[in-house]
Amino acid sequence: MNLIKHIFVTLAVVSVAVALGGTWLTYRSLPKVAGTISLVGASSPIEITRDEYGIPYVSASNEGDAYFALGYVHAQDRLFQMDFMRRLGAGRLAEVLGSQALDSDRFMRTLGLYRHAESNFQVLSPETQNVLERYADGVNAWLKNRRQPFSPEFQILQYEPDAWAPADSLVWQKLMGLSLAGNWRDELLRTQLLQALPADRVAQLWPGLQPGSPTTLAEIENARLTGLTQDLVNAIDKFAPPTLASNIWVLDGQHTERGKPLLASDPHLGYQSPLVWYLARLQWPGEIRVGATTPGFPFTVIGHNGHVAWGMTTTHADLQDIFIERITVDGRYQTPTGPQEFIARTERIDVRFSDPIFLTVRSTRHGPVVSDLSAFAVPQINGEIDSKTVLSLSSTLLQDDDTTASAVFDVGRSKTVDGVKNALSQFEGPQQNFMYADIQGGIGFSAAAYVPIRANGDGTVPVPGWSGEYDWIGRVPYEELPHSLRPESGRLMNANNRPVPNEYPYLIAATFPAGYRAERIDQRLDQLPPAKATAADMQSIQLDSVSTMVSDLLPLILSITTPNSERARSVTELLRSWDGSMDRHRPEPLLFLSWLSFIKEAALKDELGAAYRTYGGLRPVLIRQILTTWKEWCNDISTETIETCATITSSALDASLVWLFSRSETNGDDLTKWRWGDFHRAQFSHPLFNFIPGLASLSRVEIESDGSDHTVNRGGYRSARGRQPFINTHGAGLRSVFDLADLDQSSFIIAVGQSGHFLSPHYDDLLHQWRDGETLRLPAISDVTASSVLRLEPLANPAN
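In this text the structure is predicted, and so the values were computed from the model without any measurement. Sequence order as written defines residue numbering, which begins from 1 separately in each chain. In view of the model being predicted, local features appear only for residues whose pLDDT reaches at least 70, and side-chain atom pairs are presented and counted only at 80 or more, with totals across whole chains, interfaces and linings using the full set of residues. Hydrogens and water are ignored here; the side-chain numbers use all heavy atoms of the structure.

## Details of the overall build of the protein chain
(1) Moving on: We count a stretch as a helix when DSSP gives it H or I for four or more residues in a row; a strand needs E for two or more, and each element gets its number in order from the N terminus. Secondary structure summary: the protein chain contains 25 helices and 28 strands in total.
(2) Moving on: Radius of gyration: over C-alpha atoms. The globule rule applied is 2.2 Å multiplied by the number of residues raised to the 0.38 power. For the protein chain, whose C-alpha radius of gyration is 27 Å, the value lies close to the compact-globule estimate of 28 Å for 800 residues.
(3) Moving on: Taking the principal axes of the C-alpha coordinates as reference, the protein chain spans close to 85 × 70 × 60 Å.
(4) Moving on: Buried, partly exposed and exposed residues are distinguished by accessible area as a fraction of the type maximum, computed with a 1.4 Å probe on protein chains only: under 20%, between the cut-offs, and over 50%, respectively. The buried share among the 800 residues of the protein chain stands at 63%.
(5) Moving on: What makes two residues a contact is simply this: any of their non-hydrogen atoms within 4.5 Å. Taking all contacts inside the protein chain whose residues are at least 6 apart in sequence as the whole, residues at least 24 apart take part in 72%.
(6) Moving on: To measure how exposed things are, a 1.4 Å probe is used in the Shrake-Rupley method; for residues, cover is taken only from the protein chains shown. Surface exposure of the protein chain reaches about 29000 Å², of which carbon and sulfur atoms provide 50%.

## What to know about the layout of surface pockets
(1) Moving on: Two kinds of site are reported from a 1 Å grid over the protein atoms alone, namely cavities, where a 1.4 Å probe fits but cannot get out, and pockets, open sets with protein on both sides within 12 Å along at least five of seven lines, and residues are called lining when an atom falls within 4 Å of a point. Grid points are joined across faces, edges and corners, and a volume is the space filled by probe spheres set on the points. Its boundaries defined by the atoms lining it, the second largest pocket holds a volume of some 340 Å³.
(2) Moving on: Mapped by element, the contributors of at least two residues to the lining of the second largest pocket are α4 (102-111), α5 (113-123), β11 (343-349) and β13 (389-395).

## Digging into the state of the cysteines
(1) Moving on: Disulfides are defined as cysteine sulfur pairs within 2.5 Å. Scanning the entire structure with this criterion turns up 1 disulfide.
(2) Moving on: Between the sulfur of C634 and that of C645 lies a disulfide, 2.0 Å long from S to S. Handedness here is read from the sign of the S-S torsion; for C634 and C645, about 90°, the answer is right-handed. Residue C634 is located in the loop between α21 (620-628) and α22 (645-662), and its partner C645 is located in helix α22; the two are separated by 11 residues in the primary sequence.
(3) Moving on: Residue C634 is classed as buried on the basis of its relative accessible area of 0%.

## Description of the packing of aromatic side chains
To describe a pair of aromatic rings, one takes the distance between the centres and the angle between the planes.
(1) Moving on: Each pair of aromatic rings taken from Phe, Tyr and Trp, with Trp reduced to its six-membered ring, is defined by centres within 6.5 Å and is described as stacked if the planes are under 30 degrees apart, edge-to-face if over 60, and tilted in the remaining cases. Per the counting criterion, the structure on display carries 29 aromatic pairs.
(2) Moving on: With centroids separated by 5.2 Å and ring planes inclined at 65°, the aromatic side chains of F154 and Y159 adopt a geometry described as edge-to-face.
(3) Moving on: Judged by relative accessible area, Y159 falls into the buried class, the value being 12%.
(4) Moving on: For the ring pair F427 and F434, a centre distance of 4.9 Å and an interplane angle of 80° mean the geometry is edge-to-face.

## A closer look at the pairing of strand β26 (residues 747-750)
(1) Moving on: Here β26 shows a buried face lined by S747 and I749 and a second buried face lined by F748 and I750.
(2) Moving on: Any two strands with at least two DSSP-identified bridges between them are counted as paired. Of the pairings in the sheet, the one linking strand β25 (residues 734-739) to β26 comprises 4 bridges and is antiparallel in character. Residue L734 lies in a different strand from β26, and its bridge partner there is I750.
(3) Moving on: Here β26 pairs with strand β27 (residues 776-777) via 2 bridges, running antiparallel. Opposite F748, over in β27, you have L776 as the bridge partner.

## A closer look at α5
(1) Moving on: Turning to α5, its buried residues are L113, Y114, H116, A117, N120 and F121. Down the axis of α5, the smallest arc covering the buried residues is 155°, so these residues share one side.
(2) Moving on: Structurally, α5 contributes buried residues whose contacts are with α2 (63-90), α4, α6 (126-145) and α8 (166-179). Each direction from the helix axis to a C-beta atom contributes to the arc, which is the arc of those directions.

## A few points about empty space enclosed by the protein
(1) Moving on: Enumeration over the complete set of coordinates arrives at 12 cavities of 30 Å³ or more.
(2) Moving on: Each residue is assigned to one class: nonpolar for Ala, Val, Leu, Ile, Met, Phe, Trp, Tyr, Cys and Pro, charged for Asp, Glu, Lys and Arg, and polar for all the others, Gly among them. A breakdown of the residues in the lining of the largest cavity according to their chemical character gives 18 nonpolar, 9 polar and no charged.

## What to know about the pattern of salt bridges
(1) Moving on: Each reported salt bridge corresponds to a side-chain nitrogen of Lys or Arg within 4 Å of a carboxyl oxygen of Asp or Glu. Scanning all chains against the criterion turns up 47 salt bridges.
(2) Moving on: The closest approach of N and O atoms between E428 and R475, which form a salt bridge, is 2.9 Å. Of the two residues, E428 sits in the loop between α14 (417-423) and β14 (432-438) while R475 sits in strand β18 (residues 472-475), which places them 47 residues apart along the sequence.
(3) Moving on: With a relative accessible area of 8%, E428 lands in the buried category.
(4) Moving on: In the salt-bridge network here, residues are joined through shared partners; they are D83, R86, R87, R92, E95, D162 and D168.

## Some words on the nonpolar core
(1) Moving on: We call a set of buried residues a nonpolar core when its members are Ala, Val, Leu, Ile, Met, Phe, Trp, Tyr or Cys and they connect through side-chain atoms within 4.5 Å of each other. One finds F107 and F684 to be the most contacted residues of the largest nonpolar core, which totals 165 residues.
(2) Moving on: Top element by residues in this core is α2. It accounts for 15 residues.
(3) Moving on: For F684, the contacting residues outside a window of four places in its chain are Y271, Q272, S273, L275, S699, R700, V701, A751, V752, L767 and W770.
(4) Moving on: Grouped together as the second largest cluster of nonpolar side chains are 59 residues, L205, V550, V571 and L660 included.

## Let's talk about the environment of V420
(1) Moving on: Of note, V420 is situated in helix α14.
(2) Moving on: Note on V420: relative accessible area 1%, which makes it buried.
(3) Moving on: In sequence terms V420 and V73 are 347 residues apart; their C-alpha atoms lie 28 Å from each other.
(4) Moving on: Other than its neighbours up to four places away in sequence, V420 contacts V308, V411, S414 and Y436.

## A short note on the sheet that holds strand β10 (residues 320-326)
(1) Moving on: Read across the open sheet, the 3 strands follow the order β13-β10-β17; overall the sheet is mixed. Of all strands in the sheet, those bounded by a partner on one side alone are β13 and β17 (463-464).
(2) Moving on: Direction of pairing for β10 relative to β17: parallel, over a ladder of 2 bridges. Residue pairing for β17: I324 is matched across the bridge by P464.
(3) Moving on: Its contacts with the sheet put helix α9 (residues 183-193) on β10 and β13, and the angle it makes with β10 is roughly 50°. Axis geometry follows a simple rule: fit a line to the C-alpha atoms, using only the stretch in contact for helices, then measure angles between N-to-C directions, giving values from 0 to 180 degrees.

## Side note on the packing of helix α15 (residues 516-526) against helix α17 (residues 548-560)
Helices that pack against each other are described as a pair by the angle of their axes relative to one another and the distance between those axes.
(1) Moving on: Packing of α15 against α17 leaves a shortest axis separation of 8 Å and a crossing angle of 115°. With respect to α17, the axis of α15 lies roughly perpendicular. Here Y516, E519, R520 and Q523 of α15 lie close against α17, whose contacting residues are T548, M549 and D552.
(2) Moving on: Of the residues assigned to the contact of α15 with α17, the class counts are 2 nonpolar, 2 polar and 3 charged. Roughly parallel covers angles under 35 degrees, roughly antiparallel covers those over 145, roughly perpendicular covers 65 to 115, and oblique covers all other angles.

## With respect to the environment of L30
(1) Moving on: Inspection of the secondary structure assignment puts L30 in the loop between α1 (8-19) and β1 (35-39).
(2) Moving on: Residue L30 is classed as partly exposed on the basis of its relative accessible area of 22%.
(3) Moving on: Residues L30 and I357, 327 residues apart in the sequence, show an inter-C-alpha distance of 36 Å.
(4) Moving on: Here L30 is in contact with Q148, H757, L759 and S760, once residues within four sequence places are set aside.

## Quick word on the sheet that holds β1
(1) Moving on: Ordered in space as β1-β28-β2-β3-β6-β7-β8-β9-β14-β15-β19, the 11 strands form an open sheet in which the pairing is mixed. The sheet is open, and its two borders are formed by β1 and β19 (483-485), each paired with just one other strand. The sheet shows a mean angle of 30° between the axes of neighbouring strands, direction not considered.
(2) Moving on: Direction of pairing for strand β6 (residues 278-284) relative to strand β7 (residues 287-294): antiparallel, over a ladder of 7 bridges. Counterpart to R281 in the pairing with β7 is V290.

Here is the structure:
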């Protein structure tokens, strides 16, 4: 990311100031968290108690004031994060970062996320609108009444944030939708691969995908198509990278020691500092909301209300399609009823240190023309119309009647599992596997969302848009989406595995992630003594770092590998006795995952070519298929020699050891003393400071970590090599366990800390507790040991 290179001189000056101890820039910008403040907006006194970790406990006399206070404390602790989020979603980063942010702004303006967020506010229930407005009032009250400088990010970039509006909150849902629904990336990647490989070989790259999916590649020149799809994939990876994972399970009282449900939820997202999560407890007469909020959004996303608890994983539903639109000679696009004019709008993008840019955004009946984002799209180069085709995007995210915020609000007001299920009928997306439980003992599951019904096709590749043959012709009725209420088994679980059986009548998605985490959770739950499960058991499972991927794949690899050296033989013997635990203190995770990455490269890189890097991931299910069934992948087509799978596993082990020993400054010469944790460090980087000399090291938080991509204790990494091999960048930044026998005993932990201010004591004070499996309670305010109390009083005479 190079968004701020043009202001490095300013940043360097500021870095020197910080290094010399510029207290005005740093400590004076920390928020006031104790005392009394009189302000406009509060209808009655509000008390905000903070515990030793800076977690706020809000006590208000009514719902509106409670959400007002939440907006206030979010702004105190995370205002830059909130402002950066809304600017990203609105396509307004260039206003403060300059021309280096133009590509991001073009991307977001083309999708029109903020425009849709503004429209969505109009269709929400009046109660939901009121909460959004009261939350915005709280944010703006802090902006108007602060007595200290803004946090260092604003001072470095030398701007002040605008007032907060309800649409600023709703655009968060749109950004989350982009990161949790990455099918259009796979559609584009498959299209690129189909330029070089037969359809059946491309289908093999996504095990479970059926060959023969339709596409109309002849409609676009091959050279242009390859460049166009690669440009779009690069844009998605840069501005909306998919981050899709999570675990959730719930047991009813027949399985638990206390006779009431236990619900465990740990969503997996990309790591950053600060995280997306912020813990809070709100209370007003007759109501509480306890759990994980996200700054900028007023509702408790994962939590409880004293009656029900709820959490979620992402479904990996296919809610996006790319349509190939055929252009007529007069510049219109073809439809089943004849040519139509593009809907066009002009977006003005203000650019710091430069003149504004005017962007023409075109849309078809399917959605925005995303191919205009590519350098290979003629209209973006010289304003002329491409005489053949463009690509448009249909996405459930880009709807003007999205009522998801009302669903989340109503979930928080529900008193039973039946009420939660009813509330989720308003949930439009992205599709989530909600699980929930109530204090009466009920448990439930709903995969709620707007899921399109396609006239034809399986959503795996771009399809013709002119014929109507592949159009969306409806949506799956809510009651026919996957649901389970009070199941006889008393147990529900999902870890992004397929949520429905193969005979389910509607298409959720053509492929789903590997089921390794789900398999391990099932194993651990099966091992629990009957009717004896405890909250501590749930926490233990969340921290489990044994990979069933290892037990599935390693014996196969060892069986066909002939070590070529004594060193290689010692590795195979070490791995043969390994239980698959991704323990940060052990060498085996490093040895095996490095070896597996070289096996994948040997099998695929020669045939995927330039697309190999984009294809990404470890792909263990594919590797198993290659080593057992699709063995033709093992032959390197760039050589005259015929390689077997045994050849490449043996040579990959040699190559892996050469690479590992080349890093002797980290590993040393004794491989039995190598440590996974030396490489697999959970890294949390600040979105701005990470690119500023002097501040990067002060603001970046790292810690050795267990786990890997396929363990319950998720520890995903971007690359097995490169500048930071195996660095842990994706996992459970939040863990929660809800005990319906006494919801005040529920446990929570977030990584890093509550504050976004890098000099706050709460910037990273939860890091070790998070890594080591410690948890916090968010009890009734009367049971909290207060570290500070802030009282917000209504201004007696606002006119003065």
